[in-house]
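Examination of the molecular architecture
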Amino acid sequence: MEIRKNIIVQGIVQGVGFRPFIHKLVQNYNLSGWVLNSNQGVEMDIEGKTEELNNFISDIKKRLPPLARIEKMEVNQLPLIGYKGFYIKKSIVKEEDGFVLVSPDISICKDCLQELYDPHNRRFRYPFINCTNCGPRFTIIKDIPYDREKTTMSTFKMCPQCQSEYENIEDRRYHAQPNACADCGPQLSLYQNKKKLEDIDPIEEAVKLLKKGKIGAIKGLGGFHLACDAANNKAVARLRWLKNRETKPFALMSSDLEKINQYCEVKKKEEEWLINQSRPIVLLKKKKNNLISPLAAPKNNCLGVMLPYTPLHYLLLKDNFIALIMTSGNIADQPIIGDNQEALEKLDRIADFFLLYNRDIFNRCDDSVLKIINSDNVFFRRSRGYVPHPIILDFKLKEVLALGGELKNTISFSKENYVFLSQYLGDLKSVEALNFLKESIVSLKKMFRINPEIIACDLHPDYLSTQYAEEIKVEKGLKVVKVQHHHAHIVSCMAENNIKEKVIGVAYDGTGYGEDGNIWGGEFLLCDLKEYLRVGHLKYYPLPGGDKAISEPWRMAYSYLYSIYGLKAKTFDIDFSRRIDYDKLSIIEKMLDKNINSPLTSSCGRLFDAASSLIGIRDEISYEGQAAMELESFCASGIKERYKFRIYQEEEEFIIDPQEIFIDIIKDLKEGIDKKVMAAKFHNTVAEFTLNLCGKIRENTGINKIALSGGVFQNRYLTEKIISLLEKDDFQVYTQRKVPPNDGGISLGQAVVAGS
Ligand code: ZN
Ligand code: ZN
Ligand code: FE
C-alpha cells in the first residue's frame, strides 16, 4: 500500500548536511517527495510503500550526520498527492517567528585533516579548511537563518571551485557556509613589532619563534590564545610575569594523545572527552618528573590539557613541541580578546608576535574546561564547543533573561522547553565584562528570536548583574525576579536532571547573598523549582575583613581559632602562629571583638580556606578557590579517619558546628601528623557531616532525592566521597554534568525559577 507522510525534524538540522543526507538516504528506497529547511527545522513530505517509508524514517535516526542532533520528530500521515521523484525545495524561513538550533563550533573532522596533510589536495596546509561536518559555527554567526551572508564569511567570495562544491549535493561541502580555499578564503599573517612580516610562511615563522622561547598571540576560533613552549621554563615564567598571573594554572595543547600521555595520566573516560569533537580542556593528573615546566600549574596535581581543534593548531603542533601553553588572550581579569586590532593594542606588552587571520570572530568564546569526577564529566567552564546548544527540559518555561551572578558568569535565555546558556563571560567585575554580557544578550536574543518578559538576577544588591537588571527593568518595563543564589544552584542541578519534585539541596560554595543579609555557602535547602526552605547550614562565623578574608585564608582560620579559644589561640605552639605575624593576629582580634567589617558567613568554601591555612598549605591566594584546590591536591589516599563535628537544632534549622574539627586539627598539628593525612581527614569529615545532616532531613521529611551543587563540588576527593556515602545510605543523588556546578550554572537555575 502507498502512503504519504509529512515529517518535521527539530534540533540541530541546518548547516550540518542534513538535507543532502536525506537526499542520499532516499536513493536507497523507492520513495518520492521533497525536503526543505523551514524555520522549525527540516520538513519532508514523502510518499511510498508503507514498509519502505517506515524503514526510511527509522534510518534517519540511525544514520544521522555527525553534527546533526534530533530533538523532536513529528510524523503525520496525509492523503496521497502523487509526487514524481525527489527534490530539495527552496527554504521557507520566515524571520519573525520560529527559531532553529545553531551548532556549536566543532573541531576539524578526519576527512578535512587528511586533506590538510595531503600534498596533492588543493587545500594542502590551508589553515581554514572545513566542511559540513566541521569548522566554525557559533563564533562566526551574526544572525539566522544560517547562511553565508549572515556570517563573518560574508566578505569572502567563493572561487568557482569552492562554489561548485558548495552547490553539489554529492559534495562534503554542500552548503558548508564557511567553505573556503587558499584562493578565496581567509589568510594568515604574522606581525612583529607592529609590522606585518612579508615573504615568510606565517606558520613556520611562528613555530620558529615559539621554539626560541617567544610568546605568541595566536588567533583561535573564539578568541586569542597567548602561547609559548610549555617545556621552556623561562618562557612560561616570562608569560606569568607579563600576564601578571602568579600561580593560576595555564592550559596546554598537545598534538596527540601519545604526547599527553608523556606528562599526564589519561584514563579511558578522560581520553573520550579529549578526543570529543567539542575539544574541551580536560583536567588530568600530572605524571611525576615530566618535561612540562612546573610553572604551568604550580602546586597543583592537575594540568588542563586539550587536543588541537582548528587546522591552524594542527599545523603549528605537528611534529613540534611536547605541548604549548595556550591560555586565554586577555588582560588580567578581563574577557578574552577576539578582535585583531584590539589584540595588537592590548596584548602588545605580552606577546612577542601575533599570528592573525582576516576572518572576524563575531561571538567570542573561551575554551571549555571539565574534569572527570566519579566517572562523570563535571564542567568547570561550559563554552566553546557547547554554546549555543540548549539545555532541554521536559517542561515549558516563560521567556526569561537570567543574568547570573558575578564570578565565572553566564547568562541564560529560556524559550519553550529550552534554556540557552551563553558562553563563559568571566568575572563580572569590570566594564569590559559587563559589555561582553550585553553583547551576548543581543547576540543570543537575535539568534533564537527571544523576547523575554521577565528578567532574573541574584539577590546580591552589589552585583553588576543585579544592577543591570534594575536598569533594563526601567528601560524596557520588564518584571524582575530575584533568585537566592543557592536556590539557583540547586534548581540548576534539578533542571538539567529534569526533576520537578521537592529535593534536599546541598549547596556548597564560596559566597552567596543570603535572605538574612549574611554570606551563605554551606546550605541545606528543601526546594522545588519555585520555592525553598533553608533547613540547615554551617554555623555562622565572622569573616574578618570581608573580601580581604577571601584572598587571605589565614584570616578565616584565625576567625575560627579566636572564636573557639579566645586569646589563648595566639599562644599555640604550631606552625600557623609562627607563620602569621603576631600583630596581624591582634588586629583580627580587635576586628572580631568590635565587629568591624566582619560579616557572618556559613560558607563551605571559607571552611576549606581555614583548614588549608591552618594545616599549613595556603595562607594567601591569587585566584579563586586556590586554597581549597591545593588542600585537595594534598589528600592522601586510603585514609578512613576523620575529625569530630557537632550538629544541633536551632529553632527550625539544623546547624553544623565545625568547632571540633579545628580542635582536632590543632591536636594533630601538635602531634606532627602528616599534612596529607590531615587534608584527607578534613575532607572525610565534610563528607560525613553532609551524610549525617541529609539523614536527619530525610527522617523529618521522607525526601530521598539529593541535589548537589556549588563550586565545592568541583573537588573530586570530596564529591566522590559524598556520593558514595549517600548512595550507600540509599539516597538518590543528582549532580551536574551539563552545566558547571560553580556560578557558571547559576543563570540556568534563575531562568527556571523565574520562568516556571
Ligand atoms: Zn571537515
Ligand atoms: Zn576557493
Ligand atoms: Fe555559588
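Residues numbered from 1 in each chain as written. Chains lettered and ligands numbered in written order. Predicted model: local features only at pLDDT ≥ 70, side-chain atom pairs only at ≥ 80, totals over all residues. Heavy atoms only, no water.

- Going by what an unreviewed UniProt entry lists, the protein is known as Carbamoyltransferase and is assigned to Candidatus Sediminicultor quintus.
- What UniProt records for the protein under Sequence similarities (unreviewed entry) is the sentence "Belongs to the carbamoyltransferase HypF family."
- Of the protein, the UniProt comment under Pathway (unreviewed entry) reads exactly: "Protein modification; [NiFe] hydrogenase maturation." (UniProt positions renumbered as here; feature names shortened; annotations may be inferred.)

**A look at the nonpolar core**
- Judged by nonpolar contacts, the single largest core of 76 residues is most densely connected at Tyr508, Phe576, Leu614 and Phe689.
- The greatest single-element share of this core, amounting to 12 residues, is contributed by helix α21 (residues 675-701).
- Ignoring any residue separated from it by four or fewer positions in sequence, one finds phenylalanine 689 in contact with Tyr508, Leu538, Leu607, Phe645, Ile647, Ile656 and Ile661.
- By size, the runner-up hydrophobic cluster in this structure holds 58 residues, among which are Met44, Tyr146, Leu403 and Leu428. (Core = buried A, V, L, I, M, F, W, Y, C linked by side-chain atoms within 4.5 Å. Buried < 20%, exposed > 50% of the residue type's maximum accessible area, 1.4 Å probe, protein only. Helix = DSSP H or I, 4+ residues; strand = E, 2+ residues; numbered from the N terminus. Contact = heavy atoms within 4.5 Å.)

**Re the coordination of the iron ion (ligand 3)**
- At 2.0 to 2.2 Å from the iron ion (ligand 3) lie its protein donor atoms, namely His485 (NE2), His489 (NE2), Asp509 (OD) and Asp743 (OD).
- Coordination at the iron ion (ligand 3) is irregular, judged from the four donor atoms that bind it and the angles of 87 to 168 degrees they form at the metal.
- Positions of the donor residues of the iron ion (ligand 3), expressed as sequence spacing, correspond to H-x3-H-x19-D-x233-D. Of this pair, histidine 489 sits in helix α13 (residues 485-496) while aspartate 509 sits in strand β22 (residues 503-513), and the two are 20 residues apart along the sequence. Take histidine 489 and aspartate 509: they sit in the same class, and that class is buried. (Donors = N, O, S within 2.8 Å, 3.2 Å for Na, K, Ca; no water. Tetrahedral: all angles 85-135°; square planar, octahedral: opposite > 155°, others 65-115°.)

**Some details on the coordination of the zinc ion (ligand 1)**
- The protein atoms donating to the zinc ion (ligand 1) are Cys109 (SG), Cys112 (SG), Cys131 (SG) and Cys134 (SG), with metal-donor distances spanning 2.3 Å.
- Considering all four donor atoms around the zinc ion (ligand 1), angles at the metal cover 104 to 119 degrees and the coordination shape is tetrahedral.
- Between the donor residues of the zinc ion (ligand 1), the gaps in sequence give the motif C-x2-C-x18-C-x2-C.
- Residue classification places cysteine 131 among the buried residues on the basis of a relative accessible area of 0%.
- Judged by its relative accessible area of 0%, cysteine 134 is buried.

**Describing helix α19 (residues 626-634)**
- Among the nine residues of α19, seven are classified as buried, and the element is accordingly described as predominantly covered.
- For α19, the set of buried residues is Gln626, Ala627, Ala628, Glu630, Leu631, Glu632 and Ser633.
- Those residues of α19 that are buried lie in contact with β16 (369-373), α15 (553-565), α18 (604-615), α21 and α22 (716-728).

**As for the environment of isoleucine 70**
- If you trace the backbone, isoleucine 70 turns up in strand β4 (residues 69-78).
- Of the residues examined, isoleucine 70 reaches a relative accessible area of 22% and is grouped as partly exposed.
- Taking the C-alpha atoms as reference points, isoleucine 70 and glycine 41, separated by 29 residues in sequence, lie 9.7 Å from one another.
- Residues within four places of isoleucine 70 in sequence aside, it is in contact with Val9, Gln10, Ile60, Lys61 and Leu64.

**Side note on the sheet that holds strand β1 (residues 2-12)**
- Strand order in the open sheet formed by five strands is β4-β1-β3-β2-β5, with mixed pairing between adjacent strands. With one partner strand each, in any of the chains shown, β4 and β5 (86-88) form the two edges of the open sheet. Within this sheet the neighbouring strands show an average axis-to-axis angle of 15 degrees, counted without direction.
- In this structure, β1 lies alongside strand β3 (residues 41-49), joined through eight bridges in antiparallel fashion. Bridged to isoleucine 8 within β3 is glutamate 43.
- Contacts from helix α1 (residues 18-26) reach β1, β2 (32-38), β3 and β5, with the element oriented near 170 degrees to β5.
- Packing of helix α2 (residues 50-62) onto the sheet brings it into contact with β1, β3 and β4, and relative to β3 it is tilted by some 150 degrees. (Pairing = 2+ DSSP bridges. Axes fitted to C-alpha atoms, helices over the stretch in contact; angles between N-to-C directions.)

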